[in-house]
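Notes for the structure review
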Amino acid sequence: MHEFRYKRNYLYCEDLKVIDLVKKFGSPLYVYSYKTILDHYLKLKSAFKEIDPIICYSVKANSNLAILKLLVKEGAGLDIVSGGELFRAIKVGCPAERIVYASVGKTDKEIEEAIKRRILFFNVESLSELENINRISQILNRITNVAIRINPDVEPKTHKFITTGKITNKFGIDFESAYKILNMHKRFAYLNICGLHIHIGSQITETTPYIYAISKMVKFIQKLKKEAINLKYLNIGGGLGIIYDKEKPQTAKEFADKILPLLKRTGLKIIMEPGRFIVGNAGILVTKVLYIKSTLKKKFIIVDSGMNDLIRPALYDAYHKILPLHITDSKLSKVDIVGPICESADFFAKDRVMPEVKEADFLAIMGTGAYGFSMSSNYNSRPRPAEVLVKKNRVYLIREREKYNDLIDKEIVPGFLKRWRR
Ligand code: LLP
């Protein structure tokens, strides 16, 4: 469910015509719906209200400060993976006791900053990292909370690039090694090992992989309890899938109904780290048709946005619905929708049957609220698009369009190159 709908052949975001937003803010443009973000957060919260989990929104999905602030104000915590994301979390005033920090490669500086801020806990991914956090905590004379990230070795049935809980993935620690670590906790005098973490992948549309992974965790937690190793938290990660095309993902309620009995058996405080589920369908990328080019084999719609703005199709062959902002023609044609970048991977759709569009029309690339802007770059020296947030009949600019100067702001031409020499 989302708040992008056609009314009298025009696409609206909440109560505003999207075409009016592009006229005001230019193209390409990311447009987000406040209500969609909020509804998704509240759906998850209410589905799990029985156990009142800490819902730590995964900042990487969309890290715009306005979106983080919206969620933090509603009571969400944040799941971070870098010093930069910690900086954002602090900027929006997220209480430290609602911040969890994952990543297989945390630097000493990042660890130190997070310890000083007294975040809820680190999700630790290796024995070396555990030793390092212990060492840094000792220097800072602090006891640091950590959860061990378990790699439960399950198949989440999603794209191979976003599978994270199989034993061949770089993430987490296998059960046996984790068991050994938990039994040598005395070796880590400056750590409080207070929880376990899993995150098995992203865009998971079935509940079965979760049931399988969480069941393994329940067994493990029970074994630990018998040996008087008592933990406080179980972090079940994120990964809930959304509808891009014809997927039929589990709803929050269906998901909760299936996994709540398992979670309750742990007796632990549950943490969740949803990203895509909250923001994925809450955003679109609007782009203008620059040229239409028919070749011997294909018809190309060339738009003013590229893989630098949205890399998911190029990187994962991801499917995004593409809709005209104004439907004028009911005729259909088969087209490739491509960007201006000098790479053949710069496409948004291939052999897509679409209503006919003309040059200067606008298109909406749907479902781009998650891993859209947050994965964007300046490749081909292209300034990034602006981002706006719509709430009912009002629109707020939440990130300015980048300017050419932003592209070169940090670059330095050494003096010797500036001196004139023939
Ligand atoms: N927790 C951890 C530890 C994660 O690594 C991730 C995502 C999440 C939570 C949030 O997952 P979500 O609920 O959003 O599925 N760029 C890819 C997705 C990469 C996900 C990385 N980790 C894409 O565009 O599909």
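Residues numbered from 1 in each chain as written. Predicted model: local features only at pLDDT ≥ 70, side-chain atom pairs only at ≥ 80, totals over all residues. Heavy atoms only, no water.

Here we look at the packing of helix α2 (residues 34–47) against helix α9 (residues 252–266)
Heads up, the rule is: Here the axes come from fitting lines to C-alpha atoms, over the contacting stretch only for helices, and the angles between their N-to-C directions go from 0 to 180 degrees. Secondary structure elements follow DSSP: runs of H or I no shorter than four residues count as helices, runs of E no shorter than two count as strands, and numbering proceeds from the N terminus. Our angle categories are set so that under 35 degrees counts as roughly parallel, over 145 as roughly antiparallel, 65 to 115 as roughly perpendicular, and the remainder as oblique. Each crossing gets its handedness from the near helix: less than a right angle anticlockwise from the far helix is left-handed, clockwise is right-handed. Two residues qualify as a contact provided that any one of their heavy atoms is within 4.5 Å of a heavy atom in the partner residue. Three residue categories are used. Nonpolar comprises Ala, Val, Leu, Ile, Met, Phe, Trp, Tyr, Cys and Pro, charged comprises Asp, Glu, Lys and Arg, and polar comprises the others, including Gly.
Put simply, α2 and α9 touch, their axes get as near as 9 Å, and they point 25° apart. Considering the angle they form, α2 stands roughly parallel to α9. In this structure, α2 meets α9 at a crossing whose hand is right-handed. Only A252, K253, A256 and L260 of α9 make contact with α2, whose side of the interface consists of K43, L44 and A47. For the contact of α2 with α9, the per-class residue count stands at five nonpolar, no polar and two charged.

Points about the domain arrangement of the protein
Formally: Either an automatic procedure or a domain database provided the assignment from which the domain bounds are taken. Summed over both partners, the accessible area lost on bringing two parts together, with a 1.4 Å probe, is the buried area. Salt bridges are counted wherever a side-chain nitrogen of Lys or Arg sits within 4 Å of a carboxyl oxygen of Asp or Glu. Residues adjacent in sequence count toward polar contacts only when both atoms are side-chain atoms; beyond that, a polar contact is any pair of N or O atoms within 3.5 Å, and within protein one must be able to donate a hydrogen and the other to accept it.
Per the domain assignment, the segments of the protein are domain 1 (4–31 + 280–408) and domain 2 (34–278). Here the C-alpha centroids of domain 1 and domain 2 sit 32 Å apart. With 22 residues of domain 1 at the interface, the matching set in domain 2 holds 22 residues. Here domain 1 meets domain 2 over a buried area of about 2,000 Å², counting both sides, of which 56% is carbon and sulfur. Contact with domain 2 buries surface across domain 1, with N281, Y316 and Y371 losing the most and accounting together for 27% of the total. Taken together, domain 1 and domain 2 are joined by zero salt bridges. Here domain 1 and domain 2 share ten residue pairs in polar contact (both at pLDDT 80 or more) between them.

Things to note about the layout of surface pockets
Quick reminder of the rule: A 1.4 Å probe that fits but cannot get out identifies a cavity on a 1 Å grid over protein atoms alone, an open set with protein on both sides within 12 Å along at least five of seven lines counts as a pocket, and a residue lines either if it has an atom within 4 Å of a point. Grid points are joined across faces, edges and corners, and a volume is the space filled by probe spheres set on the points.
Of the pockets and cavities examined, the largest pocket occupies roughly 840 Å³. Every residue lining the largest pocket is counted, 45 residues in all, and those nearest its centre are S58, K60, V81, E85 and Y371. For the lining of the largest pocket, the secondary-structure elements that each account for two or more residues are α3 (65–73), α4 (83–91), α11 (312–316) and β20 (394–399). Among the residues forming the lining of the largest pocket, the class breakdown is 16 nonpolar, 16 polar and 13 charged. Counting contributing residues per domain, the lining of the largest pocket is built from domain 1 (4–31 + 280–408) and domain 2 (34–278), each supplying no fewer than three. By volume, the second largest pocket amounts to about 260 Å³. Surrounding the second largest pocket, 14 residues form its lining, M1, H40, Q250, T251 and F277 being those nearest its centre. Sorting the residues of the lining of the second largest pocket by element identifies α2 and α9 as the ones contributing at least two each. Here the lining of the second largest pocket is composed, by residue class, of seven nonpolar, five polar and two charged.

Here's the deal with the sheet that holds strand β2 (residues 10–13)
The following threshold applies: By definition, two strands form a pair when at least two bridges between them are found by DSSP.
Taken in spatial order, the three strands make up an open sheet running β1-β2-β3, and their pairing is antiparallel. Edge strands, defined here as strands with exactly one partner in the open sheet, are β1 (4–7) and β3 (16–17). The sheet contact formed by β1 and β2 spans four bridges and is antiparallel. Bridging across to β2, F4 finds its partner in C13.

Regarding the site of the ligand
Selection rule: We call a residue near a molecule or strand when any one of its heavy atoms sits within 4 Å of it. For the accessible areas, the method is Shrake-Rupley and the probe is 1.4 Å, while residue cover comes only from the protein chains on display.
Taken together, the neighbourhood of the ligand is formed by 18 residues, with S202, E273, R312, Y316 and Y371 sitting nearest. Taking G275, its main chain carries an N or O atom lying 2.9 Å from an oxygen atom of the ligand. Within the side chain of R312, an N or O atom sits 2.6 Å from an oxygen atom of the ligand. Protein burial of the ligand: of its 580 Å² of free accessible surface, 92% is covered by the chains.

A short note on the packing of helix α8 (residues 208–226) against α9
As a packed pair, α8 and α9 sit with axes 9 Å apart at the nearest point and diverge in direction by 10°. Considered as vectors, α8 and α9 are oriented roughly parallel to each other. Across from Y210, I211, I214, S215, V218, I221, Q222 and K225 in α8, the residues of α9 making contact are F255, K258, I259, L262, L263, R265 and T266.

Brief notes about the sheet that holds strand β10 (residues 191–197)
Read around the closed barrel, the eight strands follow the order β5-β6-β7-β8-β9-β10-β11-β12; overall the barrel is parallel. For this sheet, the mean angle separating the axes of adjacent strands, direction not counted, is 30°. Examined bridge by bridge, strand β9 (residues 144–149) and β10 share six bridges and lie parallel to one another. If you follow V146 over to β10, its bridge partner there is I193.

A closer look at unusual backbone geometry
The amide bond that connects S27 to the next residue, P28, takes the cis arrangement and shows omega of -5°. By the secondary structure assignment, P28 is in the loop between α1 (18–25) and β4 (29–33). The backbone phi angle of A228 is positive, close to 60°, even though this residue is not glycine. Checked against the element boundaries, A228 lands in the loop between α8 and β11 (233–235). Its identity as a non-glycine residue notwithstanding, D317 has a phi of 60°, on the positive side. Tracing the backbone through its elements, the reader meets D317 in the loop between α11 and β15 (322–324).

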